[in-house]
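# Structure assessment
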Amino acid sequence: MTACTRRVGGLPDPGLCGPARWAPAPSRLPRALPRLPLLLLLLLLKPPALSAQFTVGVLGPWACDPIFSRARPDLAARLAAARLNRDPSLAGGPRFEVALLPEPCRTPGSLGAVSSALARVSGLVGPVNPAACRPAELLAEEAGIALVPWGCPGTQAAGTTAPVVTPAADALYALLRAFGWARVALVTAPQDLWVEAGLSLSTALRARGLPVVSVISMEPLDLFGAREALRKVRNGPRVTAVIMVMHSVLLGGEEQRYLLEAAEELGLTDGSLVFLPFDTIHYALSPGREALAALVNSSQLRRAHDAVLTLTRHCPSEGSVLDSLRKAQQRRELPSDLNLEQVSPLFGTIYDAVVLLARGVAEARAAAGGRWVSGAAVARHVWDAQAPGFCGDLGRDEEPSFVLLDTDAAGDQLFATYMLDPARGSLLSAGTPMHFPRGGPAPGPDPSCWFDPNNICDGGEGKHPRPH
């Protein structure tokens, strides 16, 4: 559904037509104008005489998940909007406002939150619960609203939907293919959001032909539950990689702490398996010592983390989210009393999503000569947009979008080992070799036929032509 911003007298302004949630600025034009002939009225009321407001909704579990709330989505979205509204290249376009919208942590509530959110905004960043992703796509398309999700593992650009980052399934598949690790197990935290993420990710990986052996929820949420989940992995069909679908221990995730401690106890961190975090794909974790601060007081965790390879977003400017936060605070764009060490790097992802959505709006309107644009047009321009991001330029194809981090033998800092570009399928050395437990080799590759779209693997031992 769409609507035009209307001038006094009810006549549509062709320069400000837009989604129904675009609100016009109050007009100060004389009330006598409605009596003027139509042509004279259109000449007098030029599009630049009025401005519009475009409200970006930021939907997520901000109130019910303390680690997600540490991303400070309120500050991230407001900072993005403030910078956009000061950008002279966007002058003459709508004013951008943001609305922080709560997404319940339980799946039924998340589905309802999407419908409510779409009724209040001009464009939407979210949702986070993967169970709500497909319904959100359909509802947004029906409403003609651009949707910019960052937490949907298998979502592709289509209709009014434009993922702000490479979907997690694409990034993980590219990584697994590069090393030949096909046989994987997923262990999820027990909360609805992570269980749904595990199911969505497994569906997407299986659709690409990979043998996802199992999806196991870690219950109860303690060391006992972690041991039970890993025993199921160990006693089941052979796997090469375990994908941990939960908050990273590096951000304070207790579930992953228990899982890695249990893996070390059970002897699963000996180099025969590689452990891959899921959540780090959605934000930019920087190399160095700061990232491993959560492991400083636990030698057991440091040993276990030697079996972990961390795929994360790449900051093209060689900076970091924390560096950018410090600069913003120095410029008084963020509260002086904000403890930056406690802010999750997801801050940068939310900021980037708002910026890309706004750029999509501006570029779609420019391409249409300043006239009304649909949510689908905005989504197309979001996908192609280039803009200054929080820790580097966005949309530059020459920069790989992910970096693979690993520890060394000391285990006290993260090093960049490879640069991954899922779109091109390229994996380039970043200069530091990967280090596996006890200095041993990486887990051996699985049969390559798992990654051959023209053949079907038979238990990994044989292959047959895929039917057409």
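Residues numbered from 1 in each chain as written. Predicted model: local features only at pLDDT ≥ 70, side-chain atom pairs only at ≥ 80, totals over all residues. Heavy atoms only, no water.

At a minimum axis separation of 10 Å, helix H6 (residues 168–179) and helix H7 (residues 192–207) run at an interaxial angle of 55 degrees. Classified by the interaxial angle, the pair formed by H6 and H7 is oblique. Seen along the crossing, H6 lies across H7 with a hand that is right-handed. Contacts between H6 and H7 involve Ala169, Leu172 and Tyr173 on the former and, on the latter, Leu201, Ala204 and Leu205. Residues of the contact of H6 with H7, tallied by class, amount to 6 nonpolar, no polar and no charged. (Axes fitted to C-alpha atoms, helices over the stretch in contact; angles between N-to-C directions. Helix = DSSP H or I, 4+ residues; strand = E, 2+ residues; numbered from the N terminus. Parallel < 35°, antiparallel > 145°, perpendicular 65-115°, else oblique. Left-handed = near helix turned anticlockwise from the far one by under 90°. Contact = heavy atoms within 4.5 Å. Nonpolar A, V, L, I, M, F, W, Y, C, P; charged D, E, K, R; others polar.)

Right, let's get into the side chain of His305. Positionally, His305 belongs in helix H10 (residues 299–305). Of the residues examined, His305 reaches a relative accessible area of 2% and is grouped as buried. If near-sequence neighbours (up to four positions away) are discounted, His305 is found in contact with Val249, Leu250, Leu260, Leu292, Leu295, Thr310, Thr407 and Leu414. (Buried < 20%, exposed > 50% of the residue type's maximum accessible area, 1.4 Å probe, protein only.)

Turning our attention to helix H5 (residues 133–143). Along H5, the residues that are buried comprise Cys133, Ala136, Glu137, Ala140 and Ala143. Buried residues in H5, looked at end-on, bunch into an arc of 140 degrees, giving them a common side. Those residues of H5 that are buried are in contact with helix H4 (107–118) and strand E7 (146–148). At the C-terminal side of H5, Gly144 shows a positive phi close to 70 degrees. (Arc of directions from axis to C-beta.)

Moving on to the sheet that holds strand E9 (residues 212–217). The strand order E9-E8-E10-E11 describes an open sheet built from 4 strands, whose pairing is parallel. In this open sheet, the two edge strands, each paired with only one partner strand, are E9 and strand E11 (274–277). The mean angle between the axes of side-by-side strands here comes to 20 degrees, regardless of whether they run parallel or antiparallel. The sheet contact formed by strand E8 (residues 184–188) and strand E10 (residues 241–245) spans 5 bridges and is parallel. Counterpart to Val184 in the pairing with E10 is Ala241. (Pairing = 2+ DSSP bridges.)

What follows deals with the sheet that holds strand E12 (residues 310–313). The 4 strands are arranged E12-E15-E16-E17 in an open sheet whose pairing can be described as antiparallel. Strands with a single pairing partner mark the edges of an open sheet, and in this sheet they are E12 and strand E17 (426–429). Averaged over all neighbouring strand pairs, the angle between strand axes comes to 35 degrees, with direction disregarded. Both strand E15 (residues 402–407) and strand E16 (residues 414–421) contribute to a ladder of 6 bridges, which runs antiparallel. Looking at E16, one finds that Leu404 is bridged to Tyr418. Sheet contacts for H6: E12, E15, E16 and E17; angle to E16, the most-contacted strand, approximately 100 degrees.

Turning to the packing of helix H12 (residues 346–367) against helix H13 (residues 375–384), a few remarks are in order. The contact between H12 and H13 brings their axes to 7 Å, and the two run at 115 degrees. Of the two possible hands of crossing, H12 and H13 adopt the one that is right-handed. For the pair formed by H12 and H13, the contact residues are Leu356, Leu357, Gly360, Val361, Glu363, Ala364 and Ala367 on the first element and Ala377, Val378, His381 and Val382 on the second.

The next subject is the pattern of salt bridges. Applying the stated criterion across every chain, the model contains 21 salt bridges. In this structure, Arg208 engages Asp170 in a salt bridge whose closest nitrogen and oxygen atoms are separated by 2.3 Å. Taken as a pair, Arg208 in the loop between H7 and E9 and Asp170 in helix H6 lie far apart in primary sequence, 38 residues in all. Look at Asp170 and you get partly exposed, because its relative accessible area is 21%. In this structure, the salt-bridge partner of Arg227 is Glu265, at a minimum N-O distance of 2.8 Å. Of this pair, Arg227 sits in helix H8 (residues 223–235) while Glu265 sits in helix H9 (residues 254–265), placing them 38 residues apart in sequence. (Salt bridge = Lys/Arg side-chain N within 4 Å of Asp/Glu carboxyl O.)

It is worth spelling out the state of the cysteines at this point. Following the criterion strictly, the structure yields 4 disulfides and no others. Between the sulfur atoms of Cys315 and its disulfide partner Cys391 the distance amounts to 2.0 Å. Negative torsions about the S-S bond denote left-handed disulfides, and the value of about -85 degrees found for Cys315 with Cys391 makes this one left-handed. You can see Cys315 sitting in the loop between E12 and helix H11 (321–330) and its partner Cys391 sitting in the loop between strand E13 (387–388) and strand E14 (393–394), a full 76 residues away along the chain. By relative accessible area, Cys391 is classed as buried at 10%. The disulfide partner of Cys449 is Cys457, and the S-S distance across this bridge is 1.7 Å. A torsion of 115 degrees about the S-S bond marks the disulfide between Cys449 and Cys457 as right-handed. (Disulfide = S-S within 2.5 Å.)

Note that every value here comes from positions in space, so none of it alone points to a role or purpose.
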